[in-house]
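Listed below are the residues making up each chain.
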Amino acid sequence: YVLDKVINLVCIIDLVMNFHTGYNDGGMIEMRVQQVRRHYLRKRFIVDLYSSTPIDMLMFLNRSLRYGQTSLVFRLESIFRNMFRLPRLVSYISKWEDQIKVDANVLRVGKLVGVILLFAHTNACVQYLAARIEEFPEESWVTRNDLEFAKPSTKYTVAVFNALSHMLCIGYGSHGESTAPFTDAEVFITILSMVVGASFYVVLVGIIASIVLSMDHSGAAFKEKIDIWRQYSQYRQLPKEIRDRVFKYFEHRWHTRKVFEENELLSQLPRGLSGDIKMFRSEYLLNRVPIFKLCHPAIVRTVVSNLKPMSCLANEVVYIAGQMAEEMYFILKGEVQILSKESNLITTLSDGSYFGEFPMIFDEIKTRTGTAKCTTWTKLYTLDKIDFQDIVEVYPELLAVMRQIAEARKVHSSGINVEVKDIGDGDQDMTETECEKTDNELH
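Residues numbered from 1 in each chain as written. Predicted model: local features only at pLDDT ≥ 70, side-chain atom pairs only at ≥ 80, totals over all residues. Heavy atoms only, no water.

### Overview of a nonpolar patch on the surface
And then number 1: A cluster of nonpolar side chains, namely V47, F80, M83 and F84, defines an oily patch on the protein surface of about 320 Å² accessible area.
And then number 2: Looking at the element boundaries, F80 is found in helix α5 (residues 68-83).
And then number 3: When its relative accessible area of 48% is taken as the criterion, F80 is described as partly exposed. (Patch = residues over 30% accessible without salt bridge, like charges linked within 9 Å, V, L, I, M, F, W, Y side chains within 5 Å. Areas by Shrake-Rupley, 256 points an atom, 1.4 Å probe, with all protein chains shown as cover. Salt bridge = Lys/Arg side-chain N within 4 Å of Asp/Glu carboxyl O. Helix = DSSP H or I, 4+ residues; strand = E, 2+ residues; numbered from the N terminus. Buried < 20%, exposed > 50% of the residue type's maximum accessible area, 1.4 Å probe, protein only.)

### Here's the deal with the packing of aromatic side chains
And then number 1: Counting across every chain of the model gives 14 aromatic pairs.
And then number 2: Taken together, a centroid distance of 6.1 Å and an interplanar angle of 40° make the contact between Y319 and F355 tilted. Highlighted residues: Y319 in strand β4 (residues 317-319) and F355 in strand β8 (residues 354-355), separated in sequence by 36 residues. Accessibility classification places Y319 together with F355 in one group, the buried group.
And then number 3: Seen in terms of ring centroids, Y329 and F355 are 5.1 Å apart; in terms of plane orientation they differ by 15°. Their pairing is stacked. Of this pair, Y329 sits in strand β5 (residues 327-333) while F355 sits in strand β8, and the two are 26 residues apart along the sequence. Judged on exposure class, the residue Y329 and its partner F355 are both buried. (Phe/Tyr/Trp six-rings, centres within 6.5 Å; stacked < 30°, edge-to-face > 60°.)

### What about a negative patch on the surface?
And then number 1: A cluster of acidic residues, E134, E138, E139 and D184, forms a negative patch at the surface.
And then number 2: Looking at where E139 falls in the secondary structure, it is placed in the loop between α7 (104-133) and α8 (141-144). (Lys, Arg positive; Asp, Glu negative; His and termini not counted. Charge placed at Lys NZ, Arg CZ, Asp CG, Glu CD.)

Listed below in structure tokens is the structure:
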């Protein structure tokens, strides 16, 4: 009883607050007081007012209402009134869903189970109350089970069992003779319980089926990709060594066995929001690549917006000497060896380095001047040559600083100081020592 009155108080407070709470009007939040009040009065006010009003408190205002059948009618009305509070509960749960870090399918199942249990509880209370209003006739299920003077927990357990038996349409089991309805009120309530329960059962099966199908959509996509590649490998009769590399690639790239096509997902968002996600995704890379620290934020954001993720297996060749150059690479994690045309090791690059930019920044270089080979599982970001040319056409200072850094690598050993400018934000002198440091970090 105390809990019911506390809920009543919360509902009254909520009713008052709704007169000052904005609403979604076609994507815009309407906050004008007059519009908010008019909208609330038209939509939900009557239902909220009824569900918030403690009508059963009339029993305490009039002594004659506290006893006999009248008090039981007020209790029945209280149960009925609680059903009108459900829309409020649903609306608040919908608002909290975005704040709760729980899988959406788990929430769907939780909400459905909660509704079923709530209805089962209400159904059990109504069945017992109906028998009590009739003053427990001899043929009542309460009398037949000797529950009239039993403990409240025993009464509640049998009542819930009775309600769930009706709702799930599974009969009465070994308790059939003692729980089957006999009085007119019990028969009516049982019919209503079965109809509503059957509806719940159909919805439950449908929702669980849809949840099972969608619970691991990305995992299903991974399995689908693997199955397609197995069929393709058989169709093309690929050698076992190549097949093993393909499946090993998938296992490494999607080690969680979940597939997310990021570019497709991000393309669904506005450019600004998509750019924010890409900046967050590339935060580790931006902190590791020195050249980004020289760039103006607008240039960094433009470059990051055109980066594409790529992964390579250990001992995989990224490109070979003499190959056409279509892109440059940034190392997020892993190691890459740069080899000469004679396959001699020039240097080993790691997190934060970039390579493959020479054919993109020097017009006289048309093909790869060396070979790049991953020594470990490596995560890269690529920047296409066409995208790079579009960027440097707008920001030519990016091309200038990349050429200066490239020249610094060539001449740092001869002690020549090269001046490198912060792109779009002041100047910075790069001494021989700094060039050597940059050379070691980048290449």
